[in-house]
Amino acid sequence: MLRLRYCALTAAALVAACSQPAPPQATRPSQPSYDIVAQIRAAGEREKSAIEVAPLRDPGVKGLEQSAQADERAGKYDDADAKLVQALKLAPEAPELIQDRAEIAVRKQDFPAAEKLAKQSFEMGPKSGSLCARNQQTIYEMRMQAGDQNGAMAARTELGKCHIAGPNRF
């Protein structure tokens, strides 16, 4: 009798253990079918504002920036980000470097960090020109990745505001 009870309890425990749902697994957003960073940079290239802010760069910062670009091309995204962090220590008020970090975060598929950095760059930087366009395109792409159509459309509207036409010259 005791043996029968033990077998019944063991069977019940096994059934209960097998019927529990698997713990949820962390999901990463699926990789889009296009290069997000290429879209971001293309938005900057397309922007032909009459007003463009281009600060003079310290040679040390410029060297770190170029080295970060080489690391990015080689797929060494952590190294590229580390070099941009170093450059920001030398030039903490450089919104271009912050946007570069946002683009590296996109490459690493760290979309929340990418959006946060793009917003920080936008707040610090000019509200027109190619950097503005890159900021807003990054925010647009990150909102699309998050499935936030309203946020994406708001960023698209802001992107249009990055262009300031120059005076007509006759």
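Here, the structure is the one placed above.
The rules behind the values
- Throughout this description, residue numbers start from 1 for each chain and increase along the sequence as written.
- Reporting in this predicted model follows two pLDDT cut-offs: at least 70 for local features of residues, and 80 or more for side-chain atom pairs to be given and counted; totals over whole chains, interfaces and linings ignore these cut-offs and use all residues.
- Excluded from the side-chain calculations are hydrogens and water; all other atoms, namely the structure's heavy atoms, are used.
- Working convention: axes come from line fits to C-alpha atoms, limited for helices to the stretch in contact. Angles between N-to-C directions cover 0 to 180 degrees.
- Each helix corresponds to a stretch of at least 4 residues labelled H or I by DSSP, and each strand to a stretch of at least 2 residues labelled E; elements are numbered beginning at the N terminus.
- In what follows, roughly perpendicular refers to angles from 65 to 115 degrees, roughly parallel to angles under 35, roughly antiparallel to angles over 145, and oblique to any angle outside these ranges.
- Handedness of each helix crossing follows the sense of rotation of the near helix against the far helix: counterclockwise by less than a right angle gives left-handed, clockwise gives right-handed.
- Every residue pair with non-hydrogen atoms within 4.5 Å of one another is taken to be in contact.
- By nonpolar core we mean a set of buried residues, namely Ala, Val, Leu, Ile, Met, Phe, Trp, Tyr and Cys, connected to one another through side-chain atoms within 4.5 Å.
- For each residue, the accessible area found with a 1.4 Å probe, counting protein chains only, is set against the maximum for its type, and the residue is called buried under 20%, exposed over 50%, and partly exposed in between.
- Salt bridges are identified by distance alone: a Lys or Arg side-chain nitrogen within 4 Å of an Asp or Glu carboxyl oxygen.
- Each helix should span, by expectation, one fewer than its residue count multiplied by 1.5 Å.
- It is the directions from the helix axis to the C-beta atoms whose arc is reported.
- The criterion for a disulfide is a pair of cysteine sulfur atoms lying within 2.5 Å.

K.L.:
Looking at this model, I keep getting lost on the packing of helix α3 (residues 59-73) against helix α4 (residues 77-90). Mind explaining?
P.N.:
Packed helix pairs are characterised by how far apart their axes lie and by the angle those axes make with each other. Between α3 and α4, the least distance of the axes is 8 Å, while the angle of their chain directions is 165°. Regarding the angle of α3 to α4, the classification is roughly antiparallel. Considering the relative orientation of α3 and α4, their crossing is left-handed. Counting all contacts with α3, which are made through Gly60, Val61, Leu64, Ser67, Ala68, Asp71 and Glu72, the residues of α4 involved are Tyr77, Asp79, Ala80, Lys83, Leu84, Gln86, Ala87 and Leu90.

K.L.:
Any chance you could explain the nonpolar core here in plain terms?
P.N.:
Judged by nonpolar contacts, the single largest core of 19 residues is most densely connected at Val61, Leu84, Ala87, Ala91 and Leu97. Within the residue set of this core, elements represented by two or more residues are α3, α4, α5 (95-107), α6 (111-124), α7 (129-145) and α8 (149-160). Apart from the residues within four sequence positions on either side, Ala91 is in contact with Val61 and Leu97. Counting 8 residues, the second largest nonpolar core, distinct from the first, contains Val37, Ile40, Val106 and Ala114.

K.L.:
Any chance you could explain the pattern of salt bridges here in plain terms?
P.N.:
Working definition: two side chains of opposite charge can pair if their charged atoms are close together. For the structure shown, the criterion picks out 14 salt bridges. Note that Lys62 and Glu65 form a salt bridge whose closest N and O atoms lie 3.8 Å from each other. Taken together, the residues Lys62 and Glu65, both in helix α3 and 3 residues apart, mark about one turn of the helix. The exposure class assigned to Lys62 is partly exposed, which follows from its relative accessible area of 37%. According to the relative accessible area criterion, Glu65 is buried, its value standing at 10%. Across the pair Arg143 and Glu115 runs a salt bridge, and its minimum N-O distance is 3.0 Å.

K.L.:
Explain α4 here, please?
P.N.:
Residues that lie three or four places apart on an α-helix share one face, since the helix turns once every 3.6 residues. The first and last C-alpha atoms of α4 sit 20 Å apart over 14 residues, in line with the 20 Å expected at 1.5 Å per residue. All buried positions along α4 are accounted for by Ala80, Asp81, Leu84, Ala87 and Leu88. For α4, the angular spread of the buried residues around the axis is 115°, confining them to a single face. Across from the buried face of α4, at angles greater than 90 degrees, the exposed residues are Asp78, Lys89 and Leu90. Packed against the buried residues of α4 are α3 and α5.

K.L.:
So what exactly am I meant to see when it comes to the state of the cysteines here?
P.N.:
By definition, a disulfide is the covalent link that joins the sulfur atoms of two cysteine residues. All chains considered together, the criterion is met by 1 disulfide. The disulfide bridge from Cys132 ends at Cys162, spanning 2.0 Å between sulfur atoms. Note on the Cys132 and Cys162 pair: the S-S dihedral is about -65°, so by sign convention the disulfide is left-handed. Taken together, the residues Cys132 in helix α7 and Cys162 in the segment after α8 connect sequence positions 30 residues apart.

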